Amino acid sequence: MDKRIKLSHGNGRGNNELLNNVIFPCLIPEHRGPHEDAGILKNIKGNIAFTTDSFVINPIFFPGGDIGKLAVCGTVNDLAMMGAEPVSLSVSLILEEGLEIIKLEKILISLRETCRDAGVSIECGDTKVVENGKADGLYITTSGLGVVPDNINLSSANAEPGDIVIVSGPVGLHGIAVMSVRKSLNFASVAVSDCAALNGLTKELLNAVPETKALRDCTRGGTAAVLNEIAETSGVTINLIEKTIPVPDVVSGACSFLGLDPLHIPCEGRFVAIVPVDKAGLALKTIKNHELGNAAEIIGKVNTKERFPVTIVTEVGGKRFLTLPPGELLPRIC
Amino acid sequence: MNLKSFSNSKKSKEIIGAIHNIAADLDNINIMEVCGTHTMEIGKLGLRKLLPGNIRLISGPGCPVCVTPGSYIDSLYEAALNPEYKVHVAAFGDMLNVPGNEHSLAEAKTAGAKIDIVVTPLQAIEIARNEPLNNIIFTSVGFETTVPATAFTVKKAYELGISNLYFLTAHRVVPPVLKALITDKDLNISGFLLPGHVSAIIGEKAYSLLNDFSVPGVIAGFEPLDILGGILSILDIIRNNRKNKLVNMYTRIVKKDGNIEAVKLIDDIYEHVDSLLRGIGVIPGSGLKLREKYKKYDAAERFSLNIEKSGMPSGCSCGDVLKGIINPDQCKLFGKTCVPEHPVGPCMVSTEGSCAAYYKYG
């Protein structure tokens with residue numbers, strides 16, 4: 001087998017070589033039998049959740065994870081946010097000519113192990129190769145299927161005045177971890193991505209509190225984006241208390257240096273939950289009992305619609321609104 | 001030192017109470033926070049509405065990209081897209097989305113220009129070494145906080161004999177800008193909240209003009225207690241008519257003589273010139289230019305770029321905002337045709353911009 005991906009690995013014999021020597025052994029070593037044009041999922045009953053996501057992160061390795069782990073967690077978490085038990089994923093790879101095979105193997109093994117830990121299978125996939133310079137090493141697209149229990153109804157439109165807002169843990173670690181590597185920022189404290197599959201945690205929460213109104217993971221746009229979306233969709237205002245929001249020192253320090261807001265920084269293993277007020281205590285306790293939620297906090301409340309979708313009471317007692325981030329997060333001059 | 005001690009809510013409320021007490025003895029007071037980071041922090045803390053009604057905070061022109069002439073952006077846009085020049089731009093993040101008079105660097109990037117965001121000018125040397133066939137232009141923009149890093153990079157490039165790195169210089173310096181604001185008859189500034197990090201470089205002594213003109217100024221840091229303490233101190237100077245109008249409340253960072261090495265380095269590399277601040281006009285001695293010894297690194301000369309032409313997008317009131325004549329939300333375009341995603345003027349898009357702070361935080 002070659003040491004690097006070549007254009008010929010995208011077709012015919014070259015593609016077979018890549019699949020048989022690298023992709024199948026790393027991703028689905030247990031598979032026996034023929035490789036068909038489609039996988040068959042038998043006897044899946046109930047409400048099917050179906051989602052897809054593409055992952056173009058650069059760098060492909062970062063503290064706490066890699067693009068393979070991220071591709072599984074991202075899609076599994078989208079299913080989990082709808083209350084679905086993930087069943088199966090598809091994995092599409094776009095490989096850049098010149099990508100080292102050893103790196104690809106590492107990523108595929110990471111992808112497989114993350115699937116194993118999340119309890120989700122890989123049912124189908126695809127591989128393409130593009131010329132050197134057309135991809136940052138590789139891009140991955142995963143689509144996922146899951147089953148939503150009949151008694152679960154999660155939606156960004158469900159929030160009502162009186163509901164409580166919980167965040168499952170400290171915010172901003174993934175974005176700062178990736179930024180620190182991308183921009184060669186050698187912070188004294190290392191930021192490690194919070195990338196994690198949340199379906200185990202959300203399952204426990206929904207078993208204890210099936211009345212949960214909404215779950216959203218704080219990915220692109222960070223915590224601010226998902227709370228704004230919930231508030232706008234539900235026609236309410238969410239009021240936050242700044243001092244209750246858990247922000248790790250490395251995130252607040254990096255944000256202070258770069259001129260960014262921790263609530264705009266993406267996470268890949270954190271969610272916000274909107275729960276009825278009489279279930280808030282149980283919800284918080286349940287989340288905190290899980291290793292991925294042991295630093296969860298109640299951070300605010302849903303109220304009737306005010307002028308702005310999300311407001312925040314600051315540490316000095318002032319009040320401001322919390323907007324969506326402006327787009328690309330750009331570090332400032334001074 | 002634990003910076004969290006400068007965010008103590010109980011102490012913050014005590015200082016706010018003290019501000020209300022002093023303000024009761026005063027007429028209308030206009031305090032200008034010169035620095036864009038102060039504007040952002042004040043917005044982030046929701047501070048304006050906690051102050052008494054007769055104390056008004058005005059955002060000043062301390063936003064480097066906001067005062068960079070629009071022609072700087074436009075001429076760099078043209079150079080970046082000119083295939084003969086083989087330009088690769090290295091810029092701080094703030095520069096990407098700021099609108100020139102006609103274009104932005106983000107538009108240049110979308111059109112295929114090579115533009116990289118850097119966090120230190122030293123990265124431009126790396127890029128120059130990695131791309132010997134390209135001409136790297138670093139956007140040297142910023143007040144005295146940023147100048148030492150660029151000066152160091154120019155010196156290093158000179159010592160290493162780097163021949164494909166250029167600096168498009170539009171650095172500005174604060175004291176002449178302060179003088180222009182103090183002597184502007186249209187403005188009525190009671191006192192200044194002075195920029196903490198600029199002061200760390202230039203020191204207390206750079207503000208002697210405040211005593212000359214008898215205008216209060218307090219050097220303050222950026223934590224909540226720094227800003228509140230700074231405002232309280234300005235009111236104290238005014239109410240008690242203190243003889244010394246300048247107070248340094250950021251002594252943990254700012255010394256009387258500033259950072260002597262940094263000041264010397266700046267002086268080795270740059271000379272002071274008259275320069276244009278966008279929306280405000282030409283201010284004597286407010287700009288920096290590479291000295292003769294380093295002239296070969298001047299991108300404006302090398303690529304014949306006219307970067308000091310005045311101009312502002314049609315309908316934009318950034319000039320009045322930068323001088324504190326109006327608040328951002330008093331501009332007709334604010335929040336309507338001018339929003340961060342589609343800014344008309346620079347103040348809406350820069351992370352230090354007054355309009356961006358008002359839009360983001362209210």
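The structure this text deals with has already been given above.
Residues numbered from 1 in each chain as written. Chains lettered and ligands numbered in written order. Predicted model: local features only at pLDDT ≥ 70, side-chain atom pairs only at ≥ 80, totals over all residues. Heavy atoms only, no water.

Draft legend 1. Spatial organisation of the nonpolar core. Ranked by size, the top nonpolar core spans 101 residues in total, and within it Y72(B), L165(B), L168(B), F192(B), Y207(B) and Y270(B) carry the most contacts. If one sorts the elements of this core by residue count, helix α4 (residues 70–81) of chain B sits on top with six residues. L168(B) has contacts with Y72(B), L76(B), I137(B), F138(B), T139(B), S140(B), A299(B), A300(B), L305(B) and I307(B), leaving out every residue within four places of it along the chain. Among the nonpolar cores identified, the runner-up in size contains 38 residues, and V22(A), I23(A), V76(A) and V129(A) belong to it. (Core = buried A, V, L, I, M, F, W, Y, C linked by side-chain atoms within 4.5 Å. Buried < 20%, exposed > 50% of the residue type's maximum accessible area, 1.4 Å probe, protein only. Helix = DSSP H or I, 4+ residues; strand = E, 2+ residues; numbered from the N terminus. Contact = heavy atoms within 4.5 Å.)

Draft legend 2. Inspection of the pattern of salt bridges at higher detail. Counted by the stated rule, this structure contains 23 salt bridges over all chains. Close ionic contact of D267(B) with R291(B) constitutes a salt bridge, the shortest N to O distance being 3.3 Å. Of this pair, D267(B) sits in helix α12 (residues 260–269) while R291(B) sits in the loop between β11 (281–290) and α13 (299–302), and the two are 24 residues apart along the sequence. Under the relative-accessibility criterion, D267(B) is labelled partly exposed at 44%. Beyond isolated ion pairs, a larger network of salt bridges with shared partners links E160(A), D163(A) and K213(A). (Salt bridge = Lys/Arg side-chain N within 4 Å of Asp/Glu carboxyl O.)

Draft legend 3. Main features of the packing of helix α1 (residues 9–23) of chain B against helix α11 (residues 224–239) of chain B. Residue and element names in this part refer to chain B. Interhelical geometry of α1 versus α11 gives an angle of 20° and a closest axis separation of 10 Å. Between α1 and α11, the crossing angle belongs to the class labelled roughly parallel. Like other packed secondary-structure pairs, α1 and α11 cross with a definite hand, here left-handed. Here K11, S12, I15, I16, A18, I19 and I22 of α1 come into contact with α11, specifically with P224, L225, L228, G229, I231, L232, L235, D236 and R239. A class-by-class count of the residues in the contact of α1 with α11 yields eleven nonpolar, two polar and three charged. (Axes fitted to C-alpha atoms, helices over the stretch in contact; angles between N-to-C directions. Parallel < 35°, antiparallel > 145°, perpendicular 65-115°, else oblique. Left-handed = near helix turned anticlockwise from the far one by under 90°. Nonpolar A, V, L, I, M, F, W, Y, C, P; charged D, E, K, R; others polar.)

Draft legend 4. Quick look at the sheet that holds strand β4 (residues 114–117) of chain B. Residues and elements named next belong to chain B. Across the sheet, four strands lie side by side as β4-β3-β5-β6; this open sheet has parallel pairing. One side of each edge strand has no neighbouring strand; the edge strands of this open sheet are β4 and β6 (165–171). Direction aside, the axes of adjacent strands within the sheet are offset by 20° on average. Taken together, the seven bridges between strand β5 (residues 135–142) and β6 define a ladder with parallel strand orientation. Note that in β6 the partner of F138 across the bridge is F167. Sitting on the sheet, α4 is in contact with β3 (87–91), β5 and β6, with an inclination near 170° to β5. Packing against the sheet, helix α7 (residues 147–160) makes contact with β5 and β6, and its axis sits at approximately 155° to β6. (Pairing = 2+ DSSP bridges.)

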